[in-house]
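Next come the chains, spelled out residue by residue.
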Amino acid sequence: MKSFFLTIGLALTLMSFTLQGPTDAIVRSLKSANAEQVAAHFDDFVDMKLLEKDEVKNMGKNQATIAIKNFFAEKSIKGFEKISEREIGSTMYMTGKLLNNNKGYNITVMLKQKGGQYQIVTVRIN
């Protein structure tokens, strides 16, 4: 009986340590509304389409960081709510809503696996 409870206790303890998904760090960055943390997950070049602006292809990481910081500041982004995520080969798509006081903005992020982790290669906000 003692070993039974010990086994159950050990199983519950091990189950409490959940594996992190490949996008958990990016979701946490978006939820904290910290543009610099989000930008830390950018690939070297990013395609970016922001609300009311033209799409820019192959934007350098530094320029993309400035653009996302400005967008978060201008729109008073306060958080993020993930809606869906899907993986196709080494590409992952994540959709959600950036939250502020008034209304939210839809965001779609495309990620590619590079060096064992996913990096943001496309951001679309509308």
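Refer to the preceding data block for the structure.
Not measured: the values here are computed from a predicted model.

Thresholds, definitions, all that
- Residues numbered from 1 in each chain as written.
- Predicted model: local features only at pLDDT ≥ 70, side-chain atom pairs only at ≥ 80, totals over all residues.
- Heavy atoms only, no water.
- Salt bridge = Lys/Arg side-chain N within 4 Å of Asp/Glu carboxyl O.
- Helix = DSSP H or I, 4+ residues; strand = E, 2+ residues; numbered from the N terminus.
- Buried < 20%, exposed > 50% of the residue type's maximum accessible area, 1.4 Å probe, protein only.
- Core = buried A, V, L, I, M, F, W, Y, C linked by side-chain atoms within 4.5 Å.
- Contact = heavy atoms within 4.5 Å.
- Polar contact = N/O pair within 3.5 Å; in protein donor to acceptor, adjacent residues only side chain to side chain.
- Expected span 1.5 Å × (residues − 1).
- Arc of directions from axis to C-beta.

What follows covers the pattern of salt bridges. One pass over the full model with this rule turns up 6 salt bridges. The residue Lys-69 makes a salt bridge to Glu-36 at a minimum N-O spacing of 3.0 Å. Of this pair, Lys-69 sits in helix α4 (residues 61-74) while Glu-36 sits in helix α3 (residues 35-39); the two residues are 33 residues apart in sequence, bridging distant segments of the chain. Taking the relative accessible area as the measure of exposure, Lys-69 reaches 35% and is therefore partly exposed. Among the ionic pairs, Lys-114 bridges to Asp-43, the shortest N-O distance being 2.9 Å.

We now examine the nonpolar core. Ranked by internal contacts, the top residues of the largest apolar core, which has 31 residues, are Leu-30, Phe-42, Met-48, Phe-71, Leu-98, Val-123 and Ile-125. With 5 residues, α4 is the largest single contributor of residues to this core. Setting aside residues no more than four positions away along its own chain, Phe-71 makes contact with Leu-50, Leu-51, Ile-77, Leu-98, Tyr-105 and Ile-125.

Within the secondary structure, Asn-100 sits in the loop between β4 (91-99) and β5 (105-114). A distance of 2.9 Å separates a polar side-chain atom of Asn-100 from the backbone oxygen of Lys-75.

The next subject is α4. For α4, spanning 14 residues, the distance from its first C-alpha to its last is 20 Å, which sits close to the expected 20 Å at 1.5 Å a residue. All of the buried residues along α4 are Ala-64, Thr-65, Ala-67, Ile-68, Phe-71 and Phe-72. An end-on view of α4 places all buried positions within 165° of arc, on one side of the element. Residues of α4 that are exposed and angled more than 90 degrees away from the buried face: Asn-62, Ile-66, Ala-73 and Glu-74. Looking at the residues trailing α4, positive phi occurs at Ser-76, about 50°.

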